[in-house]
Amino acid sequence: MLARVRRPLGAVALAALAAAAPARARASGDAGFEIALGGFRLQVFYGAASEYADHADRAVRDPRVALFTLAATLQANAAAFSAIPHTLRFDLVARDGAADTTLGVVEDPEANATRPTTVVLETPLARDVAAEVLAALCGRYPGACRRPAGPTVELYRCEGPRCAGRIRFGSFRSDALNERFAIERPARWAAPIRVGREQMTRWFDPLDPLARGSAAPAP
């Protein structure tokens, strides 16, 4: 599935995207979400200061869309994803003068000696943002997406810094992040909060275009 949407990149484009990925997180004020499971990190970001002519960022700003879809998939396949020692970062990139958003996907954006950055994908983004991100995720790790997502997500309240399966949702340029919930059951028994797609806004405030936390329109 990943091969169907992948666009070949030249050496210059590969180097540019790989070099820009970690810098964008520090410099441009990204917003969106990160979900951590074991050694795996899934990051889905849009530029908080960017204007998206096709409104692709709405799917990330509204927790009922991409956040629910990806959290439900990761939770259904938690054991498999926890064993993947990588970070997979998705960026919605608004090109100057372009009507369509570009989806950039990078593995291990914060490269080190043992985990070099790998550019996975750069392609024009289809209208169903959540579905395309999910397709690229499962295309990269096909063995990890074997169980279908359920109709609800089980959220667990975080009660400390070592909260396994933590969701971070909001603006990553500041401390304005909702880090109160996780999708992994804690070692000490806790009752889950079962949340359907339309209930997500009870626990995660939608983000406005500048990631300040007011309600966003549904896509």
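Residues numbered from 1 in each chain as written. Predicted model: local features only at pLDDT ≥ 70, side-chain atom pairs only at ≥ 80, totals over all residues. Heavy atoms only, no water.

Q: Account for the confidence of the model for the protein chain, with residues named and values stated.
A: Residues with a pLDDT of 70 or more make up 81% of the protein chain, whose mean pLDDT is 83. Confidence over residues 1-28 falls short of pLDDT 50; this stretch has 39 contacts with residues more than four positions distant or in other chains. Across residues 210-219, where pLDDT falls below 50, the model places 27 contacts with residues more than four positions away in sequence or in other chains. (pLDDT = per-residue confidence, 0-100. Contact = heavy atoms within 4.5 Å.)

Q: For helix H4 (residues 66-76), give the residues involved together with the corresponding values.
A: Within H4, eleven of the eleven residues are buried, which leaves it mostly tucked inside the rest of the structure. Taken together, the buried positions of H4 are Ala66, Leu67, Phe68, Thr69, Leu70, Ala71, Ala72, Thr73, Leu74, Gln75 and Ala76. (Buried < 20%, exposed > 50% of the residue type's maximum accessible area, 1.4 Å probe, protein only. Helix = DSSP H or I, 4+ residues; strand = E, 2+ residues; numbered from the N terminus.)

Q: Please set out the pattern of salt bridges residue by residue, giving values where relevant.
A: Tallied over the full model, the rule gives twelve salt bridges. The salt bridge involving Glu159 is made with Arg188; its shortest N-O contact spans 2.9 Å. Residue Glu159 is located in the loop between strand S6 (152-157) and strand S7 (167-171), and its partner Arg188 is located in the loop between strand S9 (181-182) and strand S10 (193-196); the two are separated by 29 residues in the primary sequence. Looking at Glu159, the relative accessible area reads 66%, which means it is exposed. Three or more residues joined by partner-sharing salt bridges are found here, namely Asp30, Arg89 and Asp91. (Salt bridge = Lys/Arg side-chain N within 4 Å of Asp/Glu carboxyl O.)

Q: Go over the state of the cysteines, please, and point to the residues and values.
A: A full pass over the atoms with the stated rule returns two disulfides. Across the disulfide from Cys138 sits Cys145; the S-S distance is 2.2 Å. With the S-S dihedral at roughly -85 degrees, the linkage between Cys138 and Cys145 falls on the left-handed side. Here Cys158 pairs with Cys163 through a disulfide, and the sulfurs are 2.0 Å apart. Judged by the sign of its S-S torsion, about -70 degrees, the bond between Cys158 and Cys163 is left-handed. An identical accessibility class is assigned to Cys158 and Cys163; each is buried. (Disulfide = S-S within 2.5 Å.)

Q: Describe the packing of H4 against helix H6 (residues 129-140), listing the residues and the values that go with them.
A: Two elements in contact, H4 and H6, have axes whose closest approach is 9 Å; the angle formed by their N-to-C orientations is 30 degrees. As judged from the angle between their axes, H4 and H6 are roughly parallel. By crossing handedness, the relation of H4 to H6 is classed as right-handed. In contact with Ala66, Thr69, Leu70, Thr73 and Leu74 of H4, H6 contributes Ala130, Val133, Leu134 and Leu137. For the contact of H4 with H6, the per-class residue count stands at seven nonpolar, two polar and no charged. (Axes fitted to C-alpha atoms, helices over the stretch in contact; angles between N-to-C directions. Parallel < 35°, antiparallel > 145°, perpendicular 65-115°, else oblique. Left-handed = near helix turned anticlockwise from the far one by under 90°. Nonpolar A, V, L, I, M, F, W, Y, C, P; charged D, E, K, R; others polar.)

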